Amino acid sequence: MSVASAGDAVTQDQTVSAPRKRRPWLLFLVVAIIIIDVLAFLAFPPFDRGGQPGDACAYPVCFINGTLEFPPPHVLATLDGSPAVADGGLVISAQPSVTNTMLTMFIITALLLVLMLLLGRGRAAVPGRIQNFVEWGVESLEGFATGMGGAAARNYVPIFTCFFILILAFNWSGLVPPVGRIDYLRAPTSDVNVTIGLAIVAFIAFQVEGFRRLGFSGYAGKFFPLYEFRHGIGAGLIALFVGLTELMLEFVKPVTLSLRLFGNIYGGEVALGVVTALFVAILPVALYGLEIMLSFVQALIFSTLTLMFLVIAVEPHDHEEGELGDEGMAAIHEATHHQPAAAH
């Protein structure tokens, strides 16, 4: 056998053995999910919301109703000591309170901060596996952001990365028992109040960067292009109409960002709760895999649209679309011409 053929044989053996090495890990994950699901079912069995834990629960209606989380979050404590107003009902109130989604959000944020501080310390000249993984993740996100938004997006890579990591952790937290199984913990992004808060932070960043980079007259001129009247009344009126339309769309951005994220995450939570209540294990494993992927996609969509809207905010009037990446232009067109995605 020649040297070349021997090398080809080794390469083929390695290619064939790689999937075989992954199979035990995949099998282990599937078995682990089933075991955790069964244990969670035994430790926190469904019960009628109108009764008490341990009461008899008729299958399947009571199982489904006992597993579902309704949109209003559970109020853990009110800051003024008064009884909760919106707890358990579709009531809009301005009562200062701490909900289960807020508590979960605080815990995840604190854990992420500690983790980032630990990963950022003790960086070695010859990186190990963990440092290599972290650097690969950061470089991948930076490459994706600049590929979407062009050179103008480079300044906003930290915002894009922070939104992505934070929202991804919020989304995935709902897939980990006992989050969603007990009243004290629930996925933050399944609460519209949290997603609206994230969208408002992004909206403020759009406006601050627009005024900071273009100045007051430059940024306001995007929405009130009075200078176009120099080219005639007709041109000025058309430009003013387009500018006012863009101003209205500017306030639609936080609505679409928040409702798209909330609708998909809450819808996935409902679907997973119903399937888990009916089948307990086995079948929910496939839905877990789907929800992991969809949660990843929703975090990427929110952070990418935030990045694109930031790039749009700092574009001067004479900006050429060619400076943006093709993928970035497609994302902008999708965000500005379509409604939020429907929930599951």
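Provided above is the structure to which this section pertains.
Parameters and conventions
- Residues numbered from 1 in each chain as written.
- Predicted model: local features only at pLDDT ≥ 70, side-chain atom pairs only at ≥ 80, totals over all residues.
- Heavy atoms only, no water.
- Salt bridge = Lys/Arg side-chain N within 4 Å of Asp/Glu carboxyl O.
- Helix = DSSP H or I, 4+ residues; strand = E, 2+ residues; numbered from the N terminus.
- Buried < 20%, exposed > 50% of the residue type's maximum accessible area, 1.4 Å probe, protein only.
- Core = buried A, V, L, I, M, F, W, Y, C linked by side-chain atoms within 4.5 Å.
- Contact = heavy atoms within 4.5 Å.
- Expected span 1.5 Å × (residues − 1).
- Polar contact = N/O pair within 3.5 Å; in protein donor to acceptor, adjacent residues only side chain to side chain.
- Phe/Tyr/Trp six-rings, centres within 6.5 Å; stacked < 30°, edge-to-face > 60°.
- Patch = residues over 30% accessible without salt bridge, like charges linked within 9 Å, V, L, I, M, F, W, Y side chains within 5 Å.
- Areas by Shrake-Rupley, 256 points an atom, 1.4 Å probe, with all protein chains shown as cover.
- Arc of directions from axis to C-beta.

*Asks:* Got a sec to walk through the pattern of salt bridges? Specific residues and values, please.
*Replies:* Where charged atoms from two side chains of opposite charge come close, those side chains can pair. The final tally for this structure, using the stated rule, is four salt bridges. For E269, the salt bridge identified is with R186, shortest N-O distance 3.7 Å. Linking E269 in helix α7 (residues 233–279) with R186 in the loop between α5 (157–173) and α6 (192–220), this pair joins segments that are 83 residues apart in sequence. Given a relative accessible area of 0%, R186 falls into the buried group.

*Asks:* Which residues make up the nonpolar core, and what are the values?
*Replies:* Core analysis: the biggest nonpolar cluster contains 34 residues, and I167, L198, F206, L257, F302 and L307 have the highest contact counts within it. Breaking this core down by element, the ones donating at least two residues are α3 (100–120), α4 (129–149), α5, α6, α7 and α8 (283–313). By residue number, the principal contributor to this core is α8, which donates eight residues. Excluding anything up to four places from it in sequence, L257 contacts A199, A202, F206, F302, L305, T306 and F309. Among the nonpolar cores identified, the runner-up in size contains five residues, and L175, V275, L287 and Y288 belong to it.

*Asks:* I'd like a description of α5, backed by residues and values.
*Replies:* End to end, α5 covers 24 Å across 17 residues, agreeing with the expected 24 Å (1.5 Å per residue, within 8%). Taken as a whole, α5 has its buried residues at V157, F160, T161, F163, F164, I167, L168, F170, N171 and S173.

*Asks:* Tell me what's going on with the side chain of T146, and back it up with residues and numbers.
*Replies:* Examined against the element boundaries, T146 turns out to sit in helix α4. A distance of 3.1 Å separates a polar side-chain atom of T146 from the backbone oxygen of G143.

*Asks:* I'd like to hear about the packing of aromatic side chains, residue by residue, with values.
*Replies:* As enumerated under the stated definition, the model contains ten aromatic pairs in all. Considering the side-chain rings of F133 and W136, the 5.8 Å spacing of their centres and the 35° angle between planes classify their relative orientation as tilted. One end of the pair, F133, and the other, W136, are both in helix α4, three residues apart, so they sit about a helical turn from each other. According to the relative accessible area criterion, F133 is exposed, its value standing at 57%. Its relative accessible area of 54% is what places W136 among the exposed residues. With 5.6 Å between their ring centres and 45° between their planes, F203 and F251 make a pair best called tilted. Placement of F203 in helix α6 and of F251 in helix α7 is noted, with a sequence separation of 48 residues between them. For F203, a relative accessible area of 16% corresponds to the buried category. Exposure remark for F251: the relative accessible area of 52% places this residue in the exposed category. Each residue in the set F211, F216, Y219 and F223 is aromatic and connected to the rest through ring pairs, giving one cluster.

*Asks:* Give me the lowdown on the environment of V75, citing residues and values where you can.
*Replies:* Here V75 shows up in strand β1 (residues 75–78). Note: C-alpha distance between V75 and T99 (24 residues apart in sequence) is 4.3 Å.

*Asks:* Provide a residue-level description of a nonpolar patch on the surface, including the pertinent values.
*Replies:* A surface patch of nonpolar side chains, amounting to about 550 Å² of accessible area, comprises L27, V31, I35, V38, L39 and L42. Within the secondary structure, L42 sits in helix α1 (residues 3–43). Of the residues examined, L42 reaches a relative accessible area of 60% and is grouped as exposed.

*Asks:* Tell me what's going on with α4, and back it up with residues and numbers.
*Replies:* With 21 residues, α4 ought to run about 30 Å at 1.5 Å a step, and its terminal C-alpha atoms sit 30 Å apart, in line with that. Among the residues making up α4, those that are buried are Q131, L141, A145, T146, M148 and G149. For α4, the arc enclosing every buried residue in end-on projection is 170°, short of the 170-degree limit, so these residues lie on one face. α4 presents R129, F133, W136 and E139 as exposed residues on the side facing more than 90 degrees away from its buried surface. Two residues or fewer past α4, G150 is found with a positive phi of approximately 75°.

*Asks:* Tell me what's going on with the environment of V201, and back it up with residues and numbers.
*Replies:* Tracing the backbone through its elements, the reader meets V201 in helix α6. Look at V201 and you get exposed, because its relative accessible area is 51%. In this structure the C-alpha to C-alpha distance between V201 and P254, which are 53 residues apart in sequence, comes to 8.9 Å.

*Asks:* Please provide a residue-by-residue account of the environment of F170, values included.
*Replies:* Checked against the element boundaries, F170 lands in helix α5. In this structure, the C-alpha to C-alpha distance between F170 and R186, residues 16 residues apart in sequence, is 9.4 Å. Contacts of F170, omitting those with residues within four sequence positions, involve M105, I108, T109, A187, P188 and T189.

Don't take any of this as a statement about function, it's just geometry.
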